[in-house]
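# Structural features, examined
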Amino acid sequence: PGADYDKRLEDAILEQKLNIGEHDLHCYVETSRMSLSPAAECDKAMAEKMYGLTLRSTDQDETILHETSADGTVRISFGINSRLYHFLVRTFQYIVFHHPVISIIDHEAEKEHEGTNWMVAEVTRGSLSIVAYKDNRLQLANCIETTVTQNRAYHILNTWTMLELDVITDRLFLIGDEQEVSRLKFTVNKFIKLCE
């Protein structure tokens, strides 16, 4: 009850009295409104067109932000409420926006894997992020807003099946909230044997 969500969020941020000086403030926008494009072949304008074609329109004004993977191969375009975006930019002079999926992609680029096919599923309180690799190449990255373990398991297993990953030899890495990881592992381990 009370003021609208955006106003309450702005008030909560201001109440924190963050004093970051001239340091960057890193803001992670956890949203399912995202799309990927190859960074070398698509500029930001083309990536925004692809974003618009991929996702259904929204009633709210939306600002589309872009972030590129550390190796410069993948661009993620993601939406944030325009009112919130402008508030954050006005409030914090040095703010950098990120999408959590890029962190997973960057982390996976640094890791050595035993096999050539694997999937990473990160669970947070409100969402599930999935990044899948086949023949050591990124095949899919998605973010789903859900809090229900069964829904998360469905999305993981559906993605696994859609990419024709092997239930015996390919690996699934579950990361994020420990309790939810434990629940998910119990559910999907019945189908995917190499579940870590």
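The subject of this paragraph is the sheet that holds strand S8 (residues 137-145). Overall, mixed pairing links the five strands, which are arranged S8-S7-S6-S9-S10 in an open sheet. Each end of this open sheet is capped by a strand with a single partner; those strands are S8 and strand S10 (194-195). Contacting strand S6 (118-123), strand S7 (127-134) and S8, helix H4 (residues 100-110) crosses the sheet at an angle of about 35° to S7. Contacting S6, strand S9 (171-176) and S10, helix H6 (residues 178-188) crosses the sheet at an angle of about 155° to S9.

For side chains bearing opposite charge, pairing can occur when the charged atoms are close. Counted by the stated rule, this structure contains eight salt bridges. Here Arg171 ties to Glu114 by a salt bridge, and the two come within 2.8 Å at their closest N and O atoms. Of this pair, Arg171 sits in strand S9 while Glu114 is found in the loop between H4 and S6, placing the two residues 57 residues apart along the sequence. Residue Arg171 is classed as buried on the basis of its relative accessible area, which comes to 18%. Exposure remark for Glu114: the relative accessible area of 72% places this residue in the exposed category. Measuring nitrogen to oxygen at the nearest pair gives 2.4 Å for the salt bridge that ties Arg171 to Glu196. Of this pair, Arg171 sits in strand S9 while Glu196 is found in the segment after S10, placing the two residues 25 residues apart along the sequence. Counted as one network, the salt bridges with shared partners bring together Glu114, Arg171 and Glu196.

As a volume, the largest pocket reaches approximately 690 Å³. What lines the largest pocket is a set of 24 residues, and nearest its centre among them are Val29, Thr31, Ile80, Asn81 and Leu84. Listed by contribution, the elements that provide at least two residues to the lining of the largest pocket are helix H1 (5-15), strand S1 (25-28), strand S4 (74-81) and helix H3 (82-91). Each residue belonging to the lining of the largest pocket can be placed in one class, and the counts come to twelve nonpolar, seven polar and five charged. In this structure, the second largest pocket occupies an estimated 320 Å³ of space. Listed by contribution, the elements that provide at least two residues to the lining of the second largest pocket are H4 and S8. Ranked by residues supplied to the lining of the second largest pocket, first place goes to H4 with three residues.

This part is about the packing of H1 against H3. The description of two helices packed together rests on the angle between their axes and the distance between the axes. Two elements in contact, H1 and H3, have axes separated by 10 Å at closest approach and are oriented at 20°. It follows that H1 is roughly parallel to H3 by the angle criterion. Of the two possible hands of crossing, H1 and H3 adopt the one that is right-handed. Here H1 contributes Asp6, Lys7, Leu9, Glu10, Ile13 and Leu14 to the contact with H3, which in turn contributes Arg83, Leu84, Phe87, Leu88 and Thr91. Of the residues in the contact of H1 with H3, the class split is six nonpolar, one polar and four charged.

The rules behind these values
Residues numbered from 1 in each chain as written. Predicted model: local features only at pLDDT ≥ 70, side-chain atom pairs only at ≥ 80, totals over all residues. Heavy atoms only, no water. Pairing = 2+ DSSP bridges. Helix = DSSP H or I, 4+ residues; strand = E, 2+ residues; numbered from the N terminus. Contact = heavy atoms within 4.5 Å. Axes fitted to C-alpha atoms, helices over the stretch in contact; angles between N-to-C directions. Salt bridge = Lys/Arg side-chain N within 4 Å of Asp/Glu carboxyl O. Buried < 20%, exposed > 50% of the residue type's maximum accessible area, 1.4 Å probe, protein only. 1 Å grid on protein atoms, 1.4 Å probe; cavity = no way out; pocket = protein on both sides within 12 Å on 5 of 7 lines; lining within 4 Å. Points joined across faces, edges and corners; volume = space filled by probe spheres on them. Nonpolar A, V, L, I, M, F, W, Y, C, P; charged D, E, K, R; others polar. Parallel < 35°, antiparallel > 145°, perpendicular 65-115°, else oblique. Left-handed = near helix turned anticlockwise from the far one by under 90°.

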